[in-house]
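Observations on chain architecture
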Amino acid sequence: MEKTSDRKLEQLQIALSHPFPAGHSLDKVTLTPRLLPEIDFDEIDTSVKIFDHTLSAPILIAPLTGGTPEAEKINLALGRAAHATGIGMSVGSQKAMLENLNLMYTYQVRKVAPGILLFGNIGAVDLKNYSNDEIETLISNIQADGIMVHLNPMQEVFQEDGRTDFSGVLERIRELVSIPYPVIIRSIGCGMDSVTAKRLLQTGVAGIDVAGKDGTNWIELEGERRGGSYYYISETFKNWGLTLLQSLMELKEISQRTVIIATGGISNGLQGAKAIALGARLFSIGRIALYTLINHGEKALVELIERIKLELKIAMFGVGAKNIKELQQASFFIDDRH
Ligand SMILES: Cc1cc2nc3c(=O)[nH]c(=O)nc-3n(C[C@H](O)[C@H](O)[C@H](O)COP(=O)(O)O)c2cc1C
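Read on for an overview of the structure. This is a predicted model, so every value here is computed, not measured. (Residues numbered from 1 in each chain as written. Predicted model: local features only at pLDDT ≥ 70, side-chain atom pairs only at ≥ 80, totals over all residues.)

1. Section: the site of the ligand
Around the ligand, the surrounding shell holds 27 residues, and the nearest of these are Ala 62, Ser 93, Gly 215, Gly 286 and Arg 287. Broken down by secondary-structure element, the contributors of at least two residues to the shell around the ligand are helix H1 (4-17), strand S7 (146-151) and helix H12 (287-296). Across the shell around the ligand, the residue classes tally to 12 nonpolar, 13 polar and 2 charged. (Near = placed C-beta within 6 Å. Helix = DSSP H or I, 4+ residues; strand = E, 2+ residues; numbered from the N terminus. Nonpolar A, V, L, I, M, F, W, Y, C, P; charged D, E, K, R; others polar.)

Right, dumping it as structure tokens:
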């Protein structure tokens, strides 16, 4: 059986070797320009108050890694970049730490990022094997503010030794939300439909992250890792799921009742601004943050985040929104001809 930490390393290497897709579903969205913004660009406030933290902009670094010495270096660099730019982040799956507590150090982002909004992370299917106390310890051991739980049935089915018994997961999430920390349920790349989101909302979760299929493609990635017939089957399923645009439209109705996070292929602040106009409260960057860090270094990652923040601010100016609340009210067109 494959070790969790080895698997994470291999996923990271394959993810970094894949090219970034050319287009994004949010390219179909046009924010309505306001030629009379009636605001001063210099007074635009991109900050948000969320989960007892104030972020300089509604941006998170998505859960990416943990469990290996290399992952420790990456998590610390991501943490320092999040701290320097005033945004939030999540560590990657803490499954390796549950299996071997000695690996806890690979997730200790808090020591370099004392004030940031920080989430722990675990797979929904793993929840069934651990008690609420164990999950609480997972969060408190790394001094996180809450936990992101990923729902990845299609990834597990393509993964060798994947855990494919998803029965009872919803009930386990319902039990988990009684812990004294916010629980966010997330998709990792197949988007999310309104039926799933409403079922999750009824459990009392604090937020929903809807990584659309526009971003990192886990079916392709696992198909490539596993090889053999799964490689060919992953070709059949590589377009599985909803785009980020479809997911945000599905969840628009409930966006006033919970924190929606938009993820999946987001690489600039204009896409982030569109996601917020479509109902998201936060947006996150995954593979692009990792790619920038590994290939160009920590300074380049800080520059990337600052560039995304500036693009967000420019988009806000263009629609006449002086703060994020006003951006959420911005009107838009959706053009299907793209
Ligand atoms: C190498 C790699 C490892 C990841 N590991 C995790 C993880 O441990 N837990 C999780 O919830 N999501 C994980 N993700 C998914 C990301 O958090 C994100 O949802 C997904 O990659 C889509 O965003 P992106 O297109 O910006 O990368 C990982 C992504 C990558 C690229």
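Picking up where we left off.
2. Some remarks on the packing of helix H11 (residues 269-277) against helix H13 (residues 298-319)
Interaxial distance between H11 and H13 falls to 7 Å at its minimum, and their mutual angle equals 55°. Between H11 and H13, the interaxial angle falls into the category oblique. Seen from above, H11 lies across H13 with right-handed handedness. In this structure, H11 contributes Gly 269, Leu 270, Gly 272 and Ala 273 to the contact, and H13 contributes Ile 308, Lys 309, Leu 310, Glu 311, Leu 312, Ala 315 and Met 316. (Axes fitted to C-alpha atoms, helices over the stretch in contact; angles between N-to-C directions. Parallel < 35°, antiparallel > 145°, perpendicular 65-115°, else oblique. Left-handed = near helix turned anticlockwise from the far one by under 90°. Contact = placed C-beta atoms within 7 Å.)

3. Topic: unusual backbone geometry
A positive phi angle, near 55°, is found at Glu 38, a position not held by glycine. Mapped onto the elements of the fold, Glu 38 is located in the loop between strand S1 (29-31) and strand S2 (48-50). Using a count of 7 C-beta atoms within 10 Å as the deciding quantity, one classes Glu 38 as exposed. (Buried ≥ 20, exposed ≤ 12 C-beta atoms within 10 Å, placed from the backbone.)

4. Quick look at helix H10 (residues 244-251)
Across the 8 residues of H10, 6 count as buried, placing the element largely inside the fold. Every buried residue belonging to H10 is among Leu 244, Leu 245, Ser 247, Leu 248, Glu 250 and Leu 251, and all of these are buried. Residues of H10 that are buried sit in contact with S1, helix H7 (194-203), strand S9 (207-210), strand S10 (259-262) and H11.

5. Quick look at the pairing of S10
Pairing of S9 with S10, which is carried by 3 bridges, proceeds in the parallel orientation. Along S10, the bridge assignment pairs Gly 207 with Val 259. Of the strand pairs in this sheet, S10 and strand S11 (residues 282-285) are connected by 2 bridges, and their pairing is parallel. When the sheet's bridge partners are listed, Ala 262 is paired in S11 with Phe 283. Chirality of the crossover, the property in question, places the unit of S10, H11 and S11 among those that are right-handed. (Pairing = 2+ DSSP bridges. Right-handed = clockwise from strand over helix to strand, strands pointing away.)

6. Quick look at the pairing of strand S8 (residues 183-187)
Where burial is concerned, most of S8 is hidden: 5 out of the 5 residues are buried. Along S8, one buried face is formed by Val 183, Ile 185 and Ser 187 and the opposite face, lined by Ile 184 and Arg 186, is buried too. The sheet contact formed by S7 and S8 spans 5 bridges and is parallel. Of the residues in S8, the one forming a bridge with Ile 147 is Val 183. At this point the chain moves from S8, through H7, to the parallel S9, and the crossover so formed is right-handed.

7. Focus: the sheet that holds strand S6 (residues 118-123)
Spatial ordering of the closed barrel is given by S4-S5-S6-S7-S8-S9-S10-S11, a layout of 8 strands whose pairing is parallel. Sheet twist, expressed as the average angle between the axes of neighbouring strands with direction ignored, equals 25°. Bridging between strand S4 (residues 59-61) and S11 involves 3 bridges; their strand directions are parallel. Along S11, the bridge assignment pairs Ile 59 with Phe 283.

Spatial relationships are all this shows, so hold off on functional conclusions.
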